[in-house]
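Structure assessment
So the chains spell out like this:
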Amino acid sequence: MTSISVGRGTRKRDEDSGTEVGEGTDEWAQSKATVRPPDQLELTDAELKEEFTRILTANNPQAPQNIVRYSFKEGTYKLIGVVNQLAVHFSQVGNLIPKDSDEGRRQHYRDELAASSQESTKVVISETEILEEEEELKETEAETEAGSQTDMPVAEVAEKVTEEELMTPKQPKERKLTNKFNFSERASQTLNNPLRDRECQMEPPPRTNFSATANQWEIYDAYVEELEKQEKTKEKEKAKTPVAKKMGKMAMRKMTSMESQSDDITKVTQAAKIVERMVNQNTYDDVAQDFKYYEDAADEYRDQEGTLLPLWKFQNDKAKRLAVTALCWNPKYNDLFAVGHGSYDFMKQSQGMLLLYSMKNPSFPEYIFSSESGIMCLDMHVDHPYLVVVGHYDGNVAIYNLKKPHSQPSFRSSAKSGKHTDPVWQVSLEPRWEKWVRWQKDDMDNNLNFFSVSSDGRIVSWTLLKSELVHTDVIKLKAEGSTTDGLDGLQLHTMGCGTAFDFHKEIDYMFLVGTEEGKIYKCSKSYSSKFLDTYDAHNMAVDAVSWSPYHTKVFMSCSSDWTVKIWDHTIKTPMFIYDLNSAVGDVAWAPYSSTVFAAVTTNGKTHVFDLSINKYEAICSQPVVTKKKNKITHVQFNPIHPIIIVGDDRGHVICLKLSPNLRKMPKEKKGQEVQKGPAVEIAKLDKLLNLVREVKTKT
C-alpha cells in the first residue's frame, strides 16, 4: 500500500479559498488520504506481517553448471559437482621487494650512501655559517664600541634581540613517515590448558645378560681383516685410469658405507627370520601338531566319507583385494609354494602380486614381487627351482629369479618380442614324471624354454637367451565352422580363444588346449595347421585341463557349466561326468593315487573324489571359506604331504589336511606284500575304465 501526505496541498487550497487555518496546528495532525492503484492486491494482516528473507550468496551466476569430464576409473563421462565460483574484477602485479632479499639489501645500501652524501653537504654548509657568524660578531663589537659613545644602554639592545627571536616563526621539525607495509605483531595472553599425564603399569620385557671376552688374537684378526680390505681397494684403484679414479672416489666412499650397512642388515635379517619362525612355531604349535600327527578317528565310523581339516591361513595386506589366480608348489622345497594374485573381472583390473609362502612361517611371505598388471598364471622350473615364469593380464610373460633381491623380472616380453594381445591364461614347462610339474625340456643348445596360451588364439614357445626372450608361434587356434568369404574369394578365419592347456607326461610333442567355446583340441608341436583331434567337451569356457600323472590315456577337464569330465583321449565321449551344481574353477589329480582328484567350485566348496570307492559322487564335499560370498578359484595337492591348498577371490590361501578316508591305500593281506608303484595305480584306474567301456559298447 502507498500513502501520500497531502497536508501542504490542503493548506495551500485553504489559503487560496480564503479560509484561515490556525497557526498552532501541527502538520502531523492534518488529514492524510491514501491513494491506491486500481490493480493493487488486497492482503490480510497475516500476509502483510509475513517476512521474506533474501540470502546473499557468493555464487557466480555466470559460472557453468554442466561441465562433464571423462572418468578413466569408471570408463564413463561424469558430471562435475564442484564449480569454481571465483570472479576476478581487478588484479595488479606488485613491485615490493623483501628486506632480507639480495635486491632489498642493495637498495638499503644505496639509501645509506645517499644519506651520507647529504650529511657531508650539511657539514660544509654549517662551516660556512660559522664563518658568517664570526664576521657578524666582529661587526657587532664594532657597533658596540660606537654605541658606547651614545647613551643607549645594553639592556635595551638585549630586549630588541629577544623580540626579534619571538617575531621570527619557528620551522616545524620533519616527521618521519611510517611504513604502512611494516608488520606489527600484537599478542595477547591466554589461559593454557592444563596438561594431564596418563600412566599405565605393565610387565617389564624379559632381559638376558650377554657377555663376551675380547682376547688379543680376536683384536688382531679384526685388524688383519681391515688391512686386507684396504689392500684390495688400493689394488682396484691402481687398475683404474686417472680420470676414473677421480670419478670413483666419492662412489667408493658411498659403497663402503653401504656395504658395511648391508652386511649388518643381512646378518640381522637372517637372525630375524630364524627368530620369526621360532615365534610362529610357538604361536601355531597346535596347528603344527595337527599337521604332523592328527588323524580323524571318526573316519572309522563313517561310511566311506572323509573330511578336510583346516590348518593354516595365508594372507597379506597388500594382496587383500586381489583374487588368487594361480597356485604352484616348489619342486625342491615341499613347504614352499607360489601364489599369483590378479583379477578375473576385466572392469576392475589393478596391479598384480607374486607371493611365495612357507608353511614354516604362515604370518608373512618369504618373497614379494609386484607388477603393474595382474598375474593370471605361473609355473616353477624343476631343475632350477628359483626360476618362476608368470603370465600377465596385459599379454606379457615374465621370469622372476628368486636369487636376485630386486622386484623387477629378469626377463620380460614386449610388443617387439611378440607379446600376446590378450590375457595369458596358462604357462607350461617341461613334464617330469617324478616331480609332477609341467616344464618344457631344454632345446638343442640347452636353452631354457616354456609355452604360453592366450585368448588371442596363439600358443607360443618362448626361449631364454642370455639377454632376451625369443618367441615362436607353435599353433594358432581357429574356430571350426567360422570361415567366411571375403573380398576376391579370400577366406577369413575366426580365431579361437585358448583358456587352458597341458602337455602329455610322456609324449613330449602332444598337448591339449581348452577354449572359451567349450571345445578341447588335441594338438602336436609338429603340426601347426591341423588338430590331431577335437572334443566337444563343455557348453561354456574350459577352465582347466590336466593329464593324469599315472595313466597315459586319461585326462580331466572342468568348466563353468558346473561339470567335471574324465576322458580317454582315444574316445571322443567322456568316461565320467560329475555335476557339482556350481561353476568349477579348478581341478587337480592327487599325486599318491590314480583315482583321487579334487575340484573347487564358486560356491565355496571343495570336492574330493575317489573313483575306486565311489564312481558316482564325491566322498567329501565341504565348504572351506569363512564367508559364503567368497569364491574358490584354485586348488593344488602337495606332492609329499597329505594336504591341499585352495585360494579364493579375496586373496586368501587355506591349507587343508585330508582325512584317512580320502587317502586310503591298499590293505595288507596275510602272507602277501602290498604292491605299490605306478603300475599298480595304472591297473587300478584301467579296471574302472574297462567297466565303463564295456557298458558303452553294449549300449
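1. Notes on the overall build of the protein chain
A count of helices and strands for the protein chain gives eight helices and 36 strands. The proportion of buried residues among the 699 residues of the protein chain is 34%. Long-range pairs, those at least 24 residues apart, make up 50% of the contacts in the protein chain with a sequence separation of at least 6. As displayed, the protein chain offers around 49,600 Å² of accessible surface, 53% of which is attributable to carbon and sulfur atoms.

2. Observations regarding the pattern of salt bridges
Within this structure, the stated rule accounts for eleven salt bridges. Where Glu103 meets Arg106, a salt bridge forms, and the shortest distance between an N and an O atom there is 2.8 Å. Residue Glu103 and its partner Arg106 are located together in helix H3 (residues 102–149), separated by three residues, close to a single helical turn. When its relative accessible area of 33% is taken as the criterion, Glu103 is described as partly exposed. Arg412 is the salt-bridge partner of Asp394, the closest N and O atoms lying 3.8 Å from each other. In this pair, Asp394 is assigned in the loop between strand E11 (387–392) and strand E12 (397–401) and Arg412 in strand E13 (residues 411–412), connecting sequence segments 18 residues apart. It is possible to trace a salt-bridge network through shared partners that takes in Lys273, Arg277 and Glu366.

3. Focus on the nonpolar core
Counting 21 residues, the largest nonpolar core has Val564, Ile566, Phe576, Tyr578, Val587, Phe597 and Leu611 as the members making the most contacts within it. The element that contributes the greatest number of residues to this core is helix H8 (residues 678–698), accounting for four residues. If sequence neighbours within four positions are ignored, Tyr578 has contacts with Trp562, Thr563, Val564, Ile566, Phe597, Phe609, Leu611, Lys615, Tyr616 and Glu617.

4. Considering the sheet that holds strand E10 (residues 375–380)
Taken together, four strands build an open sheet; the order of strands is E10-E11-E12-E13 and the sheet is antiparallel. Unpaired on one side and paired on the other, E10 and E13 mark the two borders of the sheet. Note that E12 and E13 share two bridges and pair antiparallel. Counted as the bridge partner of Ile399 is Phe411 from E13.

5. Digging into the environment of Phe450
Residue placement: Phe450 occurs in strand E17 (residues 449–454). Take Phe450: its relative accessible area is 2%, and that puts it in the buried class. Separated by 69 residues in sequence, Phe450 and His381 place their C-alpha atoms 9.6 Å apart.

6. Quick word on the confidence of the model for the protein chain
Summarising the model, the protein chain shows a mean pLDDT of 77, and 74% of its residues fall at 70 or more. Contacts of residues 1–22 to residues separated by more than four positions or lying in other chains number 16 contacts, the stretch itself having pLDDT below 50. Low confidence marks residues 430–439, where pLDDT is under 50. Its contacts with residues over four positions away, or in another chain, come to 44 contacts.

7. Quick word on the sheet that holds strand E25 (residues 533–536)
Sheet architecture is open: four strands sit in the order E22-E23-E24-E25, paired in antiparallel fashion. Strands at the two margins of the open sheet, each flanked by one partner only, are strand E22 (498–503) and E25. On average, each strand axis in the sheet is tilted by 20 degrees relative to the strand beside it, whichever way the strands run. When strand E24 (residues 519–524) meets E25, the two strands line up antiparallel, connected through four bridges. Bridge pairing links Tyr521 to Thr534 in E25.

8. Some points on a positive patch on the surface
On the surface, Lys313, Lys627, Lys629 and Arg650 cluster together into a positively charged patch. Relative to the elements of secondary structure, Arg650 occurs in the loop between strand E35 (643–648) and strand E36 (653–658). Here Arg650 falls in the partly exposed class, since its relative accessible area comes to 35%.

9. Quick look at the pairing of E17
With six of six residues buried, E17 lies mostly within the body of the structure. On E17, burial covers both faces: Asn449, Phe451 and Val453 on one face and Phe450, Ser452 and Ser454 on the other are all buried. Bridging between E17 and strand E18 (residues 458–464) involves five bridges; their strand directions are antiparallel. Each bridged residue has a counterpart across the sheet, and for Asn449 the counterpart in E18 is Thr463. Hairpin connection between E17 and E18: a loop of three residues separates the two successive antiparallel strands, and Gly457 in this loop has a positive phi of roughly 85 degrees.

10. Regarding unusual backbone geometry
We note that Trp562 has phi near 80 degrees; this positive angle belongs to a residue other than glycine. Within the element layout of this structure, Trp562 appears in the loop between strand E27 (554–559) and strand E28 (563–568).

11. A closer look at the pairing of strand E8 (residues 352–358)
Buried residues dominate E8, accounting for seven of its seven residues. The two faces of E8 match: Gly352, Leu354, Leu356 and Ser358 on one face and Met353, Leu355 and Tyr357 on the other face are all buried. Sheet analysis places strand E7 (residues 336–342) next to E8, joined by six bridges and oriented antiparallel. Bridge pairing links His341 to Met353 in E8.

12. Some words on the packing of aromatic side chains
In the structure shown here, the tally under the stated rule is 23 aromatic pairs. Geometrically, the ring pair formed by Phe369 and Tyr400 is tilted, given 5.1 Å between the ring centres and 45 degrees between the ring planes. With a gap of 31 residues between them, Phe369 in strand E9 (residues 367–371) and Tyr400 in strand E12 connect regions that are remote in the sequence. With respect to class, Phe369 is no different from Tyr400; both count as buried. Ring plane angle 10 degrees and centroid distance 4.8 Å describe the contact between Phe597 and Phe609, whose orientation is recorded as stacked. In this pair, Phe597 is assigned in strand E31 (residues 596–601) and Phe609 in strand E32 (residues 605–610), connecting sequence segments twelve residues apart. You can call Phe609 buried: its relative accessible area is 1%.

Conventions we followed
Residues numbered from 1 in each chain as written. Predicted model: local features only at pLDDT ≥ 70, side-chain atom pairs only at ≥ 80, totals over all residues. Heavy atoms only, no water. Helix = DSSP H or I, 4+ residues; strand = E, 2+ residues; numbered from the N terminus. Buried < 20%, exposed > 50% of the residue type's maximum accessible area, 1.4 Å probe, protein only. Contact = heavy atoms within 4.5 Å. Areas by Shrake-Rupley, 256 points an atom, 1.4 Å probe, with all protein chains shown as cover. Salt bridge = Lys/Arg side-chain N within 4 Å of Asp/Glu carboxyl O. Core = buried A, V, L, I, M, F, W, Y, C linked by side-chain atoms within 4.5 Å. Pairing = 2+ DSSP bridges. pLDDT = per-residue confidence, 0-100. Axes fitted to C-alpha atoms, helices over the stretch in contact; angles between N-to-C directions. Patch = residues over 30% accessible without salt bridge, like charges linked within 9 Å, V, L, I, M, F, W, Y side chains within 5 Å. Lys, Arg positive; Asp, Glu negative; His and termini not counted. Charge placed at Lys NZ, Arg CZ, Asp CG, Glu CD. Phe/Tyr/Trp six-rings, centres within 6.5 Å; stacked < 30°, edge-to-face > 60°.

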